[in-house]
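Take a look at the letters that make up each chain.
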Amino acid sequence: RINMPAITGGCNDESTRIIGIELTESYAAVYMNITNRQYQSGSFSVNRDIYISVPSTGEKYKFVSADNCAVSPEKTEITYGQSIGFTLYFEPVPAGTPGFDLIEPGEHAWQFYGIEL
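Cut-off values and rules
Here the residue numbers are simple positions, counted from 1 along each chain's written sequence. This being a predicted model, a pLDDT of at least 70 is required before a residue's local features are given, and a value of 80 or more before pairs of side-chain atoms are given or counted; all residues contribute to the totals for chains, interfaces and linings. Computation of side-chain values: all heavy atoms of the structure, hydrogens and water removed. A run of DSSP states H or I qualifies as a helix once it reaches four residues; a run of E qualifies as a strand once it reaches two. Both are numbered from the N-terminal end. Exposure is judged per residue with a 1.4 Å probe applied to protein chains only, and the accessible area is read against the type maximum: over 50% gives exposed, under 20% gives buried, and values in between give partly exposed. Contact between two residues is taken to exist if any of their heavy atoms lie within 4.5 Å; hydrogens are not considered. Only Phe, Tyr and Trp rings are paired, with Trp represented by its six-membered ring, and only when their centres lie within 6.5 Å; those with planes under 30 degrees apart are stacked, over 60 edge-to-face, the remainder tilted.

A. Molecular detail of the side chain of Asn 33. As for its placement among the helices and strands, Asn 33 is situated in strand S4 (residues 28-35). Relative accessible area serves as the criterion here: at 15%, Asn 33 is assigned to the buried category. When near neighbours in sequence (up to four residues on either side) are disregarded, Asn 33 contacts Ser 15, Thr 16, Arg 17, Ile 19, Ser 83, Ile 84, Gly 85 and Phe 86.

B. Geometry of the packing of aromatic side chains. Under the defined criterion, the tally for this structure stands at five aromatic pairs. Between Phe 63 and Phe 90, the ring centres sit 5.9 Å apart and the planes meet at 70°, which makes this aromatic pair edge-to-face. Of this pair, Phe 63 sits in strand S7 (residues 59-67) while Phe 90 sits in strand S9 (residues 83-90); the two residues are 27 residues apart in sequence, bridging distant segments of the chain. No difference in accessibility class separates Phe 63 from Phe 90, as the two residues are buried.

C. Spotlight on unusual backbone geometry. Cis geometry marks the peptide bond from Ser 72 to Pro 73; its omega dihedral reads 20°. Counting through the fold element by element, Pro 73 comes out in the loop between S7 and strand S8 (76-78). The phi angle at Met 4 is positive, at roughly 50°, despite the residue not being glycine. By secondary structure assignment, the location of Met 4 is in the loop between strand S1 (2-3) and strand S2 (7-11). In this structure, His 108 is a non-glycine residue whose phi angle is positive, near 55°. Position of His 108 among the secondary structure elements: in the loop between strand S10 (99-103) and strand S11 (111-116). The exposure class of His 108 is exposed, given its relative accessible area of 77%.

And the structure:
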């Protein structure tokens, strides 16, 4: 497991962080944390079309499932000031992959570029 991977290409969401990556023969897990910094309660979810993209090969790896995060159109409620840890699982990424991007299509989507492994 890689804790607190460097993200050299930036991300578009300051309330959500990648706190770990785990690559196994069965899956690629992205451990994340979201904090509600708005002045009201809210919700979040993941678009089932989110994927991992490996820039060095052009390969894409599909989303499989999520723990502690609803898949759209369902929502996970989050109150003001609350932090929630969740995990996104993807198809396995080959060992030795130097890094990848995490791309969620759509409005209010998560996009993290240059995640170093």
